[in-house]
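Remarks on the overall topology
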Amino acid sequence: MHIHTVGVVGAGTMGNGIAQACAVSGIEVVMIDIAQGAVDKGLATVAKSLERLLAKEKITEADKAAALARIKGSTRYEDLQSAQLVIEAATENHELKNKILGQLDALLAPEVIIATNTSSISITQLAAATGRADRFVGMHFFNPVPMMALVEIIRGLQTSDATHDAVKALAERLGKTPITVKNAPGFVVNRILVPMINEAFFVLAEGLATPEDIDAGMKLGCNQPIGPLALADMVGLDVCLAVMEVYLKEFGDSKYRPCPLLKEYVAAGRLGRKSGQGVYRY
């Protein structure tokens, strides 16, 4: 299956990053969101990101213009009908994703592949919201999408080989390195990463060290490019909390209990970079 147009549902951090990665690689993109303001913000973010690449001489002015011209912003689901693959990149909320996936399934032609960018929710469960479980797959990008090389391709119970192979080929066209993962909460990377972030919050809550020293310790002692608390702010503390809650529910193991301090920060609206304050102030 040749994919020449990709639909992206969600114009937020992950959605606009996916749209940019596709557009830079010569693929037409339809990026939708529920409000025109969200669409405009997503397009503006892509433009700023491309401008930074231009300033670093990673792309030319012509490359930038061509990529922007390939992205169509919209609030109409009907505009996704030209796509051979639609990637759902909405907030990490099971009910919301089920609603969106049901709408997509009713709208799109039977042969169209639907992918989800979920970071923790069961692919098999999400596939059940559609009538095309064989053409449903997880395609988990990492933030920031234009820079991060990895894409986890997660097979649900009924994901076909043809669907897997088409999505893997697309990831490679985007210059990414795909890894194939079996369906399980958190898949591979977040299964390891988010509990580490959660543990960093326990260390912070216990007053063992300052946020700066915790992050410096992990950077210098474990050769991580960014400390776990700074990374949590980048990912979004609400996202980290949602992932831990999924693990606790699905595994039923208390080791996945979200740190109370993480829950308190989210309740206070301290979500990280996107809200201007998380562990750190921005």
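Bear in mind that the values here come from a model prediction, so they are computed numbers and not experimental data.

**Topic: the side chain of Thr5**
If you trace the backbone, Thr5 turns up in strand β1 (residues 5-9). Using a relative accessible area of 8% as the deciding quantity, one classes Thr5 as buried. At 3.2 Å, the side chain of Thr5 and the side chain of His4 are in polar contact. Look past the residues within four positions of Thr5 in its chain and what remains in contact with it is Ile27, Glu28, Val30, Ser82, Ala83, Gln84 and Leu85.

**What to know about the sheet that holds β1**
Reading across from one edge, β3-β2-β1-β4-β5-β6-β7-β8 is the order of the eight strands in this open sheet, with mixed pairing throughout. Taken across any chain shown, the strands that pair with only one partner, and hence form the sheet edges, are β3 (71-74) and β8 (177-182). On average, each strand axis in the sheet is inclined to that of its neighbour by 25 degrees, with strand direction left out of account. Pairing of strand β6 (residues 136-141) with strand β7 (residues 150-155) involves four bridges; the strand directions are antiparallel. By the bridge assignment for β7, Phe141 is matched with Val151.

**A word on the UniProt feature "binding site: NAD(+)" (unreviewed entry) in the protein chain**
In this numbering, the UniProt entry assigns the feature "binding site: NAD(+)" (unreviewed entry) to Gly10, Ala11, Gly12, Thr13, Met14, Gly15, Asp33, Glu92, Lys97, Ser119, Asn143 and Lys274. Looking at the element boundaries, Asp33 is found in the loop between β2 (28-32) and α2 (36-55). Of note, Lys274 is situated in the segment after α11 (260-267). Filtering out sequence-adjacent residues up to four positions away, Lys274 remains in contact with Gly236, Asp238 and Val239. A distance of 2.9 Å separates the side chain of Lys274 from the side chain of Asp238, its partner in a polar contact.

**Side note on the domain arrangement of the protein chain**
Interface size, as often reported, equals the accessible area lost upon joining of the parts. Split by domain assignment, the protein chain resolves into domain 1 (5-182) and domain 2 (191-273). On the side of domain 2, six residues touch domain 1, which itself brings five residues to the contact. Interface area, domain 1 with domain 2, both sides summed: about 470 Å², of which 58% is carbon and sulfur. The largest per-residue losses of area from domain 1 upon contact with domain 2 belong to Glu92, Ser120 and Asn143, which jointly make up 64% of the total buried on that side. Here domain 1 and domain 2 share zero salt bridges between them. Linking domain 1 with domain 2 are zero residue pairs in polar contact (both at pLDDT 80 or more), by the criterion used here. Of the residues belonging to the side of domain 1 that touches domain 2, the class tally is no nonpolar, four polar and one charged.

**Here's the deal with the pairing of β6**
Across the six residues of β6, six count as buried, placing the element largely inside the fold. Burial along β6 is two-sided: Phe136, Gly138 and His140 facing one way and Val137, Met139 and Phe141 facing the other are all buried.

**So, the nonpolar core**
Of all hydrophobic cores here, the largest spans 36 residues; its most connected members are Val6, Ile18, Leu85, Ile87, Met139, Phe141 and Leu170. In terms of residue count, the dominant contributor to this core is helix α1 (residues 13-24) (six residues). What Ile18 contacts, discounting residues up to four positions off in sequence, is Val8, Ile87, Ala89, Asn117, Phe141 and Val145. One finds Leu126, Ala127, Val181 and Phe187 within the second-largest nonpolar core, a separate group that totals 22 residues.

The rules behind these values
- Residues numbered from 1 in each chain as written.
- Predicted model: local features only at pLDDT ≥ 70, side-chain atom pairs only at ≥ 80, totals over all residues.
- Heavy atoms only, no water.
- Helix = DSSP H or I, 4+ residues; strand = E, 2+ residues; numbered from the N terminus.
- Buried < 20%, exposed > 50% of the residue type's maximum accessible area, 1.4 Å probe, protein only.
- Polar contact = N/O pair within 3.5 Å; in protein donor to acceptor, adjacent residues only side chain to side chain.
- Contact = heavy atoms within 4.5 Å.
- Pairing = 2+ DSSP bridges.
- Axes fitted to C-alpha atoms, helices over the stretch in contact; angles between N-to-C directions.
- UniProt positions renumbered as here; feature names shortened; annotations may be inferred.
- Domains from an automatic or database assignment.
- Buried area = accessible area lost by both parts, 1.4 Å probe.
- Salt bridge = Lys/Arg side-chain N within 4 Å of Asp/Glu carboxyl O.
- Nonpolar A, V, L, I, M, F, W, Y, C, P; charged D, E, K, R; others polar.
- Core = buried A, V, L, I, M, F, W, Y, C linked by side-chain atoms within 4.5 Å.

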